[in-house]
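# Understanding the architecture of this molecule
Each chain, letter by letter, is given below.
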Amino acid sequence: MTHVKSPYNFVPAPRESEVFKCDWADQVCHDIPFEDGESGEIELMLRAETPIFVRNGHAEGKDTSEFSHVVVNGKKKYFIPATSLKGMLRNVLEIMTQSRMKLVDDDRHAVRQIMITKGTVIVEGYSLTEGDEKKNIKAGYLVEKDTKYYIYSCGKPMKIRYTDLDDVLGTDFGEQFDKPVLKSEMDKKFANRTGKYKYEKVINGKSLEHKFVIHPLDDVDKNGKEYQKSWVSEFQPLSYVLFANSSDDDFFYGRIVCVGQASNYSVSTARKGEYVFRGKREDVITDEKVKIEVPEKVMETFLFINRHNLHDELDDWKYWKNKLKEGVPVFYRSRQENGKEVVKDFGLTFMYKEPVKYSVKECLKYEEDDNDFAELLFGYTSKKQSLKGRVVFSHAFLTTNINDAEMKELTAAFAGPKSSYVPFYLKQNGNGKTHKFNTYNSNPVLRGYKRYPIHKYIKKLPTGSDARSTCLKPLPKDSIFSLKIRFFNLKKVEIGALLSAITFHGSNDELYHSLGAAKPFGYGKMKILDVNIKTLNYENGGWEEKVVKDYLGAFECEMKTKMPDWNSSEFIRELTAMSKEQKDDALLEYMELAHFQELKNTGRFLQNYTQYDKSGIELQTECSDLEGYKKERKKRKVFFEKERERLIAFLYRQDIQEIDKLIAANEYEKAKKIAEKHPCEDVFVEKLKGINKAETQWKAREEWGNVNKEDRAKIEEFIKRWKDCDVDVQELMQAQTCLNNLMKQKKEKRAAKAAASTFDVDYAKGFDKFKKEINKQFKLANGEFGEEKLKWIEKVITDFYRRKDKKFFKKNKLVSFKKYPWTDISKWLGEDNARELYEELTEKGN
């Protein structure tokens, strides 16, 4: 293969030192507009230069072959969702403003490189083959308990030969996996290499738990029978076992575990067999002494490696994932963490895929602050804080008439590029070829923002198996869409950045955006036709030259204060090279599967796009007076500091006002939370003291307000002195004790009164009204009525019954003692007394 083909390439992501950090970042606030802030809207018209398809992901029925639409008056109204448009333009803006590349999945890939031969170019750092690491691999059962995961250890795994399995169990492992002509056809059918296949087609319901003994490792057994001599590799660190005979007294229980394998083990010393885990599974997973915790990140990595719940989920995990309560056999390594043993990594085979050292996001090495252009415009959420975006997109509705008959359904099988392929996704050393690849275990730097170069012509969509194919109905070429972008409180440079991303800094006549599915094959090439802007400073709107120079010029000058060559930087050239119509589409194709491995073997990798296509352009200059802008910018620095002080003072004033409102409403906990946001500010420290004082006074007044006038007179002096905070601790305790005693006496009086008092019952208002009043007295009486009160209640219930109260004493309600209203009556009278009354009234006791 002479060329490295790929329908995508990358614009480099800026290193932390190259990130453009906005001076006004800490002044962005939705409550306080910038003094030079503007609000307005931008109207856009886009034309599809090639057919375009955006999947219908929201409508009822979820027909994924349909273009995104809503149904209005029985007709489909097609549109491009706002999220798709925002993603398209944000990606360009991130590149043009040298913002941090943060919108990436934080996946942690895995590798498995068993053999490294002479001339191997990519050494992936697979540690399970190093030194004695094989001896550190243990066996156990993965179990889910209370949303957490644990491995119950069985110690070292053991092995058993195919021949022994077949002799005792009557299986055909030998014919399936150890013959010149394999019954499993595993070399042709990948699914037949799996542990799932072995359980379902070979074991086929036979018992997995048996008695075993350790293999003697001699050429002959104790009966003189010769063993096979070439049954174990010298590199195999595991013990082999045999099925125990009835005469063996040193047996142990174990469970047979089948795993997948890469290919047929053709060499004579290959380890042909399956695994045995010591002990019965049920005994192991109930032994808390062998339980080891699986950290959340380790479990997330395992699920990602096995493609959990994705379209390409691995067969063996699909087989096991619903058996987590009963225990899934796994192989694992452990480490010490905070004085206890935890799982380091694990898998479903002995030489499982090992998670790499660095996740995708860890390759970026960015700082945690949120002051780059993209996040200030579009908003962010971080561990420390969050900011609402100041730019809002509408959907882009189709403005041209489309006949549904024009929308022919196509079938295609799309490849799924994976960031685990280091010759494409990681920066490499050399001019297209290296003698040693950088990997996620060595020196990883991500290539950057993925972009699909614009095709000159659309290509035929690839087809595949039904399982891998997807259907789509694209809108035809020349479809025109209209949308609005509304913005709030943006500085001039920020409006310029947004317009620059939309128009490629005024170069939209020769550059294109790309959108939707099938971009790798030329679909979704989008042209910006018309841009109209309305802002506070340009109420009439339009796209006049003065508007261009004002906003784009301000943005360009801002970038050039830190990067003088911004117009022709590496970031801009790579972006524009891929945004032009390509002269030759031959390199913009997916490679055959075999070619990916060939690249790895020969040390070749995907280079920057400008190495293949030199057509990247320098953006036109709109910044006419850079030196003047720099002088103005220095003045603005002083202004920024004053703005910052003004903002802080405003926010402090807001918080203080809110605290005072909450104190007035007796909402002390909410007031405390606001004050505690400013632990280093004296004004809020004093405010917190005031809150505590006000809360103490309020609680005192609340309690004393329930004391009668006679009792209150006894402690009136304390009330006055308490309000003035002029009471020592001992006096305060005496006052509180006095108050508590008074309150206790008052409560006891109320309880006694409620336990004995009766009232006039209005039978016309029904049983419900009576029940409500009795329940209130029952609570005041602490759940216990006096004897006279109980007799009175029985009399009232009898009267209700004899009056045939329509609501509560109809015969169909009185079918069971366990039903309403006897549930309440049992509570008042006690169950025995209530039952006796029930039987007397219903004559069931006779």
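Residues numbered from 1 in each chain as written. Predicted model: local features only at pLDDT ≥ 70, side-chain atom pairs only at ≥ 80, totals over all residues. Heavy atoms only, no water.

Turning to the overall build of the protein, a few remarks are in order. Regarding its fold elements, the protein presents 23 helices and 26 strands. Within the protein, buried positions represent 47% of all 846 residues. A sequence separation of at least 24 residues applies to 75% of the contacts in the protein between residues at least 6 apart. Accessible area for the protein stands at about 45,200 Å²; split by element, carbon and sulfur atoms hold 48% of it. (Helix = DSSP H or I, 4+ residues; strand = E, 2+ residues; numbered from the N terminus. Buried < 20%, exposed > 50% of the residue type's maximum accessible area, 1.4 Å probe, protein only. Contact = heavy atoms within 4.5 Å. Areas by Shrake-Rupley, 256 points an atom, 1.4 Å probe, with all protein chains shown as cover.)

Core analysis: the largest hydrophobic core is formed by 166 residues, its most contacted members being Leu 142 and Phe 346. In terms of residues, this core owes the most to one element, helix α1 (residues 82-96), which gives 8 residues. Apart from the residues within four sequence positions on either side, Phe 346 is in contact with Leu 142, Ile 151, Val 294, Val 298, Met 299, Phe 302, Val 330, Phe 331, Tyr 332 and Tyr 352. (Core = buried A, V, L, I, M, F, W, Y, C linked by side-chain atoms within 4.5 Å.)

A word on the packing of α1 against helix α10 (residues 492-503). It is the contact of α1 with α10, at a shortest axis distance of 9 Å, that shows an interaxial angle of 115 degrees. With respect to α10, the axis of α1 lies roughly perpendicular. Crossing hand, α1 versus α10: right-handed. Every residue of α10 that contacts α1 at Leu 89, Val 92, Leu 93 and Met 96 is listed here: Ala 497, Leu 498, Ser 500, Ala 501 and Ile 502. (Axes fitted to C-alpha atoms, helices over the stretch in contact; angles between N-to-C directions. Parallel < 35°, antiparallel > 145°, perpendicular 65-115°, else oblique. Left-handed = near helix turned anticlockwise from the far one by under 90°.)

With that out of the way, let us pick up the packing of aromatic side chains. Under the defined criterion, the tally for this structure stands at 46 aromatic pairs. Taking the centre distance of 5.1 Å and the plane angle of 80 degrees together, the rings of Tyr 421 and Phe 424 count as edge-to-face. Phe 424 shares its class with Tyr 421; the two are buried. An aromatic cluster of at least three residues, connected via ring pairs, comprises Tyr 8, Phe 10, Tyr 421, Phe 424, Tyr 425, Tyr 452 and Phe 596. The aromatic ring of Phe 177 is capped on one face by Lys 198, whose charged end is 5.0 Å from the ring centroid. When the ring centre of Phe 252 is taken as origin, the NZ or CZ atom of Arg 278, which lies over that ring, is 4.0 Å away. (Phe/Tyr/Trp six-rings, centres within 6.5 Å; stacked < 30°, edge-to-face > 60°. Lys NZ or Arg CZ within 6 Å of the ring centre and 35° of its normal.)

Right, let's get into the pattern of salt bridges. Counted under the stated rule, the structure contains 40 salt bridges. A salt bridge links Asp 172 to Lys 183, with the shortest nitrogen-to-oxygen separation between them at 2.7 Å. Note that Asp 172 is positioned in the loop between α2 (162-169) and α3 (173-177) and Lys 183 in the loop between α3 and α4 (195-203), a separation of 11 residues in sequence. Residue class for Asp 172 comes out buried when judged on its relative accessible area of 15%. Between Arg 335 and Glu 337 there is a salt bridge, with its nearest N and O atoms 2.6 Å apart. Taking the relative accessible area as the measure of exposure, Arg 335 reaches 31% and is therefore partly exposed. (Salt bridge = Lys/Arg side-chain N within 4 Å of Asp/Glu carboxyl O.)

On to the environment of Val 531, then. Counting through the fold element by element, Val 531 comes out in strand β26 (residues 525-535). Sequence separation between Val 531 and Leu 46 is 485 residues, and the spatial gap between their C-alpha atoms is 9.4 Å.

Ordered by their spatial adjacency, 5 strands build an open sheet running β8-β12-β11-β9-β10, and the pairing between neighbours is antiparallel. Two strands in the sheet have a free side with no partner beyond their single neighbour: β8 (158-161) and β10 (241-243). Geometrically, the sheet is characterised by an average inter-axis angle of 50 degrees between neighbouring strands, direction not taken into account. Pairing between β8 and strand β12 (residues 273-278): 4 bridges, direction antiparallel. (Pairing = 2+ DSSP bridges.)

A few words now on helix α12 (residues 570-579). Of all 10 residues in α12, 8 are buried, a share of seventy percent or more. Structurally, α12 contributes buried residues whose contacts are with β1 (9-11), α1 and β22 (449-451).

A word on a negative patch on the surface. Together, Asp 832, Glu 836, Glu 839 and Glu 840 line one region of the surface with negative charge. With respect to the secondary-structure elements, Glu 839 resides in helix α23 (residues 831-842). (Patch = residues over 30% accessible without salt bridge, like charges linked within 9 Å, V, L, I, M, F, W, Y side chains within 5 Å. Lys, Arg positive; Asp, Glu negative; His and termini not counted. Charge placed at Lys NZ, Arg CZ, Asp CG, Glu CD.)

Another aspect to go through is the pairing of strand β3 (residues 69-72). Where β3 and strand β4 (residues 75-80) come together, 4 bridges link them in antiparallel fashion. Residue pairing for β4: Val 70 is matched across the bridge by Lys 77. In textbook terms, the turn of a hairpin is the stretch between consecutive antiparallel strands, and for β3 and β4 this stretch comprises 2 residues, one of which, Asn 73, has a positive phi near 50 degrees.

On the surface, Lys 765, Lys 769, Lys 772 and Lys 776 cluster together into a patch of positive charge. Considering the arrangement of structural elements, one finds Lys 769 in helix α20 (residues 767-780).

Quick look at the pairing of strand β15 (residues 340-347) now. In this structure, strand β14 (residues 328-337) lies alongside β15, joined through 7 bridges in antiparallel fashion. Note that in β15 the partner of Arg 335 across the bridge is Val 342.

Turning our attention to the side chain of Ser 359. Mapped onto the elements, Ser 359 comes out in the loop between β16 (354-355) and α8 (373-378). Of the residues examined, Ser 359 reaches a relative accessible area of 2% and is grouped as buried. Beyond its immediate sequence surroundings of up to four residues, Ser 359 is in contact with Asp 106, Asp 107 and Arg 108.

The share of residues in the protein with pLDDT of 70 or more is 78%, and the mean pLDDT across the chain is 79. Per-element confidence in the protein is highest for strand β11 (residues 252-257), whose mean pLDDT is 95, and lowest for helix α18 (residues 716-723), whose mean pLDDT is 51. Counting interchain partners and residues more than four positions distant, the pLDDT-below-50 stretch residues 228-234 has 13 contacts. (pLDDT = per-residue confidence, 0-100.)

Once that is clear, we can look at the packing of α20 against helix α22 (residues 822-829). Helix-helix packing is described using two parameters, namely the angle between the two axes and the distance between the axes. α22 packs onto α20 with a crossing angle of 35 degrees between their chain directions and a minimal axis gap of 11 Å. The crossing of α20 and α22 is left-handed. When α20 is examined against α22, the residues Phe 767, Phe 770, Lys 771, Ile 774, Asn 775 and Phe 778 are found in contact with a partner set consisting of Asp 824, Ile 825, Lys 827 and Trp 828.

Although it is not a glycine, Asp 146 adopts a positive phi angle of roughly 55 degrees. Mapped onto the elements of the fold, Asp 146 is located in the loop between β6 (138-145) and β7 (148-155). Classification of Asp 146 as exposed rests on a relative accessible area of 70%. Here Asn 338, not a glycine, exhibits a phi torsion of approximately 55 degrees, which is positive. Structurally, Asn 338 can be placed in the loop between β14 and β15. For Asn 338, a relative accessible area of 78% puts it in the exposed group.

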